[in-house]
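# Remarks on the overall topology
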Amino acid sequence: MKVKTDSNHKRIITDSEMAQIENLLTHYNIPAVSHQQIERTVESLRQYVPEKQSLWNRHAEKLADVLSTARRDAPFLSWGYWLACIIFFAIGYLIIVSMNSNLYAIMLLMAPIPFILGLPELFKGRDAGMAEMEMSCKLSFSEVILARVVIIGAYSILLNTLLSVFIFYAQPGVYIGHLTLFWLTPFTSISAIALSIAQKVKSGYAVAFLLATWTVAVLVMQIVGVTIVVQTVSTLVYLLITFFSTIVLIYEIRKMTDKYLLTRERWSYGELSS
Amino acid sequence: MQTDSELIIEILNGSQAAMEILVHRHYDSVFTYVFRQIRDYHTASDVTQDTFIKMMKGLSTYREHEKFKSWLFRIAVNCCRDSFRHVSVRTTREVELNADFSDCQSNIWDMFCKSPEREHIKDALESLPELQKEVVLLRFYHDLKLKEIAGIIGSGEATVKSRLYQALEKLKKRLLAREGELSESKNRFKS
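On a predicted model such as this, the values are computed, not experimentally measured, just so you know.

## Side note on the overall build of chain B
Looking only at helices and strands, chain B has 10 helices and zero strands in total. When the helices and strands of chain B are read in sequence order from the N terminus, they spell out α-α-α-α-α-α-α-α-α-α. In chain B, once contacts between residues fewer than 6 apart in sequence are set aside, the share between residues at least 24 apart is 64%.

## Describing the overall build of chain A
When you go through chain A residue by residue, the secondary structure sums to 14 helices and two strands. The proportion of buried residues among the 274 residues of chain A is 30%.

## Remarks on unusual backbone geometry
Residue and element names in this part refer to chain B. Residues other than glycine seldom take positive phi values, yet Arg 39 does so here, at roughly 65°. Within the secondary structure, Arg 39 sits in the loop between helix 2 (16–38) and helix 3 (41–58). Although it is not a glycine, Asp 143 adopts a positive phi angle of roughly 55°. Residue placement: Asp 143 occurs in the loop between helix 8 (130–141) and helix 9 (146–153).

## Digging into the packing of helix 3 (residues 55–73) of chain A against helix 9 (residues 141–170) of chain A
Residue and element names in this part refer to chain A. Two elements in contact, helix 3 and helix 9, have axes separated by 8 Å at closest approach and are oriented at 75°. Here helix 3 lies roughly perpendicular to helix 9, going by the angle between them. Here Asp 65, Val 66, Leu 67, Thr 69, Ala 70 and Asp 73 of helix 3 lie close against helix 9, whose contacting residues are Glu 143, Val 144, Leu 146, Ala 147, Arg 148, Val 150 and Ile 151. Of the residues that constitute the contact of helix 3 with helix 9, the class distribution is eight nonpolar, one polar and four charged.

## A few points about the interface of chain A and chain B
With 42 residues of chain A at the interface, the matching set in chain B holds 49 residues. Secondary-structure elements contributing two or more residues to the side of chain A that touches chain B are strand 2 (11–13), helix 1 (15–25), helix 2 (35–45), helix 13 (235–266) and helix 14 (269–273) of chain A. Residues of the side of chain A that touches chain B, tallied by class, amount to 21 nonpolar, 12 polar and nine charged.

## Points about the environment of Tyr141(B)
Residues and elements named next belong to chain B. The topology assignment puts Tyr 141 in helix 8. The class of Tyr 141 is partly exposed, set by 18 C-beta atoms lying within 10 Å. Residues Tyr 141 and Tyr 33, spaced 108 residues apart in sequence, show a C-alpha to C-alpha distance of 7.8 Å. The contacts of Tyr 141, once residues within four sequence positions are left out, are Thr 32, Tyr 33 and Arg 36.

## A look at helix 5 (residues 103–110) of chain A
Extensive coverage of helix 5 of chain A is indicated by the burial of eight of its eight residues. Where helix 5 of chain A is buried, its residues touch helix 4 (79–99), helix 6 (113–122), helix 9, helix 10 (176–198), helix 11 (203–223) and helix 12 (226–231) of chain A.

## Some words on the environment of Asp82(B)
All names here are of chain B. Mapping Asp 82 onto the fold places it in helix 4 (residues 68–88). Residue class for Asp 82 comes out partly exposed when judged on the 13 C-beta atoms lying within 10 Å of it. Residues Asp 82 and Val 47 lie 35 residues apart in sequence; the distance between their C-alpha atoms is 9.2 Å.

## Focus: the nonpolar core
Ranked by internal contacts, the top residues of the largest apolar core, which has 50 residues, are Val34(B) and Ala76(B). At 10 residues, helix 2 of chain B tops the list of elements feeding residues into this core. Two domains each put at least three residues into this core: domain 1 (1–113) and domain 2 (115–191) of chain B. Ignoring sequence-local partners within four residues, the contact set of Ala76(B) consists of Val30(B), Tyr33(B), Val34(B) and Thr51(B). Grouped together as the second largest cluster of nonpolar side chains are 47 residues, Leu109(A), Ile151(A), Leu159(A) and Leu179(A) included.

## Some words on the packing of helix 2 of chain A against helix 3 of chain B
Look at helix 2 of chain A against helix 3 of chain B: their axes get within 10 Å of each other, and the N-to-C directions meet at 35°. Regarding helix 2 of chain A and helix 3 of chain B, the two cross each other, and that crossing is right-handed. On the side of helix 2 of chain A, the interface is formed by Gln37(A), Thr41(A), Ser44(A) and Leu45(A), while helix 3 of chain B contributes Ser45(B), Thr48(B), Gln49(B), Phe52(B), Ile53(B) and Met56(B). Across the contact of helix 2 of chain A with helix 3 of chain B, the residue classes break down as four nonpolar, six polar and no charged.

## Description of the confidence of the model for chain B
All names here are of chain B. Of the residues in chain B, 77% have a pLDDT of 70 or more, and the chain-wide mean is 80. The lowest-confidence element of chain B is helix 5 (residues 92–100), averaging 42 in pLDDT; the highest-confidence one is helix 2, averaging 93. Between residues 89–102, whose pLDDT stays under 50, and residues either more than four places distant or in other chains, the model counts three contacts. Among the prediction metrics, the complex's ipTM stands at 0.78, with pTM recorded as 0.55.

## Considerations on the environment of Ser78(A)
Within the element layout of this structure, Ser78(A) appears in the loop between helix 3 and helix 4. Taking the C-alpha atoms as reference points, Ser78(A) and Pro120(A), separated by 42 residues in sequence, lie 9.7 Å from one another.

## So, the confidence of the model for chain A
Residue and element names in this part refer to chain A. Confidence along chain A averages 80 in pLDDT terms, with 84% of residues attaining 70 or more. Confidence, read as mean pLDDT per element, is least for helix 14 in chain A (35) and greatest for helix 2 (91). Note on residues 262–274: pLDDT is under 50 here. Beyond four places in sequence and across chains, it has 20 contacts.

Calculation notes
- Residues numbered from 1 in each chain as written.
- Chains lettered and ligands numbered in written order.
- Predicted model: local features only at pLDDT ≥ 70, side-chain atom pairs only at ≥ 80, totals over all residues.
- Helix = DSSP H or I, 4+ residues; strand = E, 2+ residues; numbered from the N terminus.
- Contact = placed C-beta atoms within 7 Å.
- Buried ≥ 20, exposed ≤ 12 C-beta atoms within 10 Å, placed from the backbone.
- Axes fitted to C-alpha atoms, helices over the stretch in contact; angles between N-to-C directions.
- Parallel < 35°, antiparallel > 145°, perpendicular 65-115°, else oblique.
- Nonpolar A, V, L, I, M, F, W, Y, C, P; charged D, E, K, R; others polar.
- Core = buried A, V, L, I, M, F, W, Y, C linked by C-beta atoms within 7 Å.
- Domains from an automatic or database assignment.
- Left-handed = near helix turned anticlockwise from the far one by under 90°.
- pLDDT = per-residue confidence, 0-100.

Pasting the structure below:
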């Protein structure tokens, strides 16, 4: 320890004095407490341990908590986000209906957009440097993040489903199952990638990068005719990609929520004692 | 080994075993802090138990942004402060009565606690104002950082630093002066 000084920069305690004091203080040791004494306390605490719940009840309770948090948090998401998504989807629908363009290419392009646009909402606390403060709030920050993922995911699914239904009624000869697969596959896969990128960089950069890359990718696919080939791919392939992407998405969500639980892990007993 | 956070999740899910592990893990450090503050074996045991009861009651409010040990020590510090308020209204007569009825365990403790050097350090710590003593105990006996201590006692880091320096200055006078006297008398004895 360095030499301590007072406000007038006068030397108060030197290193050796400090070491001496520390050394002397160690003589005031306390013998280890008896096992019986600890056991008495343990016995008195048993009544305060909550009733054991079944795994199903626990998960159901957790899900109810997340949904309740999502319901409370939804009004706090920017109105610009809700509006931008609706406008994007309305434009997409109008393009498909009025311009008679390749509806699958438009669906492919539109599917992950609500999720990508939702990234700044998801990470706004972190991006504004408020994560520390949010973590000290009544709700756990990881719960809030999970609730926001639920809101954004549900909103994306709702918009894509509505678009599919509208197209189904507007365009005769379109299969709703095929349409669903065509938005579900890019939605899950791009969302997983988006979440992974957004955890590493600021969400604003992630949104710009993902929107630009995805738009260019779909345009290129359209120009070289990949979107037509993609339509002929077997349903099983779509299902497999969707399944795999969903697993990756769940993993990314878990990784993200765990990141905010890591604060406590860092302070775990194991690390303290090492 | 399971982390404190994992144990807390298990306790909240109804695990008695997790509660036992958590209590066994932290009992010693809480008790030693409380004992150094209160200096009475029975009261220290009661206050430690009270600390753990409060911990259990408030476990669902524990948030992972804070180190569990710091959170627990904040409860312990508050329990000690409450106990001081209580003790201050107790009469000397009550203290004497308690001493008469002290059990075997506390007698062993008393014997252990009677080494002169230990008594001197205890007295030196005792001479410190309560708020300074708190900081010294948490800093030197529980190896907590100034920032953590600030969180525990609910003061700013600068306040903790200032209290610690003031306390060290007093300890220096009391402890090192005696050390000097002892070495002088040893030298005289040799010559």
